[in-house]
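Report on the structure
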Amino acid sequence: MEIVKLIAVSAIIFIGCSSDELSDAYGQFEADEVLISAETTGKLLSFEVQEGELLNENVVVAVIDTSALVLKKKEISAGINVIKSKLANLSAQENVINSQLATSQKNLNRLLALKADNAATDQLLDDVKGKVDLLEHQKKTITTQKQSVYAEIETMNVKLAQIQDQIEKSIIINPIKGRVLSTFVEPFEFTTMGKPLYEIANLEELVLKVYVSGAQLDEAILGDQVSVIFDKDENENHTTTGTISWISTKAEFTPKMIQTKDERVTQVYAVKVLVDNTDGILKIGMPGEVNFN
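Now for a look at the structure at hand. (Residues numbered from 1 in each chain as written. Predicted model: local features only at pLDDT ≥ 70, side-chain atom pairs only at ≥ 80, totals over all residues. Heavy atoms only, no water.)

**Description of the side chain of asparagine 174**
Mapping asparagine 174 onto the fold places it in the loop between strand E6 (171-173) and strand E7 (178-183). For asparagine 174, the side chain forms a polar contact with the main-chain oxygen of asparagine 56, separated by 2.9 Å. A distance of 2.5 Å separates the side chain of asparagine 174 from the backbone oxygen of isoleucine 176, its partner in a polar contact. Those residues in contact with asparagine 174, other than ones at most four positions away along the chain, are Leu55, Asn56, Glu57, Asn58, Val59, Val61, Tyr198 and Ile200. (Helix = DSSP H or I, 4+ residues; strand = E, 2+ residues; numbered from the N terminus. Polar contact = N/O pair within 3.5 Å; in protein donor to acceptor, adjacent residues only side chain to side chain. Contact = heavy atoms within 4.5 Å.)

**Digging into the sheet that holds strand E4 (residues 54-55)**
What the 4 strands build is an open sheet, ordered E2-E9-E7-E4; its pairing is antiparallel. Because the sheet does not close on itself, it has two edges, and the strands there are strand E2 (33-37) and E4. Of the pairings in the sheet, the one linking E7 to strand E9 (residues 196-201) comprises 4 bridges and is antiparallel in character. Along E9, the bridge assignment pairs arginine 179 with alanine 201. (Pairing = 2+ DSSP bridges.)

**Notes on the environment of serine 23**
Tracing the backbone shows serine 23 in the loop between helix H1 (2-18) and strand E1 (25-30). Among the residues examined, serine 23 registers a relative accessible area of 9% and is labelled buried. C-alpha of serine 23 to C-alpha of valine 228: the two residues are 205 residues apart in sequence and 9.3 Å apart in space. With sequence-adjacent residues up to four places away left out, serine 23 is seen in contact with Ile229, Glu289, Val290 and Asn291. A polar contact of 2.4 Å, which involves the side chain of serine 23, links it to the side chain of glutamate 289. (Buried < 20%, exposed > 50% of the residue type's maximum accessible area, 1.4 Å probe, protein only.)

**A few points about the side chain of serine 248**
Along the chain, the position of serine 248 falls in the loop between strand E12 (237-247) and strand E13 (252-253). Here the side chain of serine 248 touches lysine 250 through a polar contact of 3.0 Å, landing on its backbone oxygen. Among all residues touching serine 248, those that are not within four sequence positions of it are Tyr269 and Ala270.

Written as structure tokens, this is what we have:
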């Protein structure tokens, strides 16, 4: 009888140890990868980026040759000086006209007073009025010309600012703290605007993207803490926690690399779980599992 009890207990223990609990959802770890590209064109004078390197935020990692841009900037600055000299000439002409207009206006006022006493002729009065009108017309013309010159200077200043912006963008500053995943150029290569230089990602926090069925949506709540499981070795798993950061609002078919052939036709919803990875154990592409609490 004791032997039968022992066998029964052993069977229960064996069954309990050998039963694998299925997780609620499965997926792979991802990272928010950032592609850093050149914002101007020229020779890459320096490129201090290595694959696998940990880069801090706001550090200079590359410099693009700006010789052509500096020459263009000097050319535009010289053009602005030429235009400003035209403006100075117009201002001088305007001062002369203002002086003549003031004198002519005084003469006109004097003649109007004399005309009231019949001491001035109509011809003389008309001549002075004509001169005043001419000077006022010349003044308006110069004002219009000055406005045109001011607009031209403003256009040149905009071009100058654009050149300066390109010069500043020739110094590549790393925007985020992270590890370099890939590099696409070498020092002294000729690069163009928009050409990828390197790819970087913050690996201190990875995203486990899993898929759940419609029936499981009630269990996946934005902001909730969940259990995250991933492989430690062939026989053991790591268990940690994560936070649900995003839930898709649209159903999609289960990715082929995630589920079995029979389940590929099932419509599911994608869920993203943020998982701390300051210890660097997690890798991009590593499979993971989630259990909702």
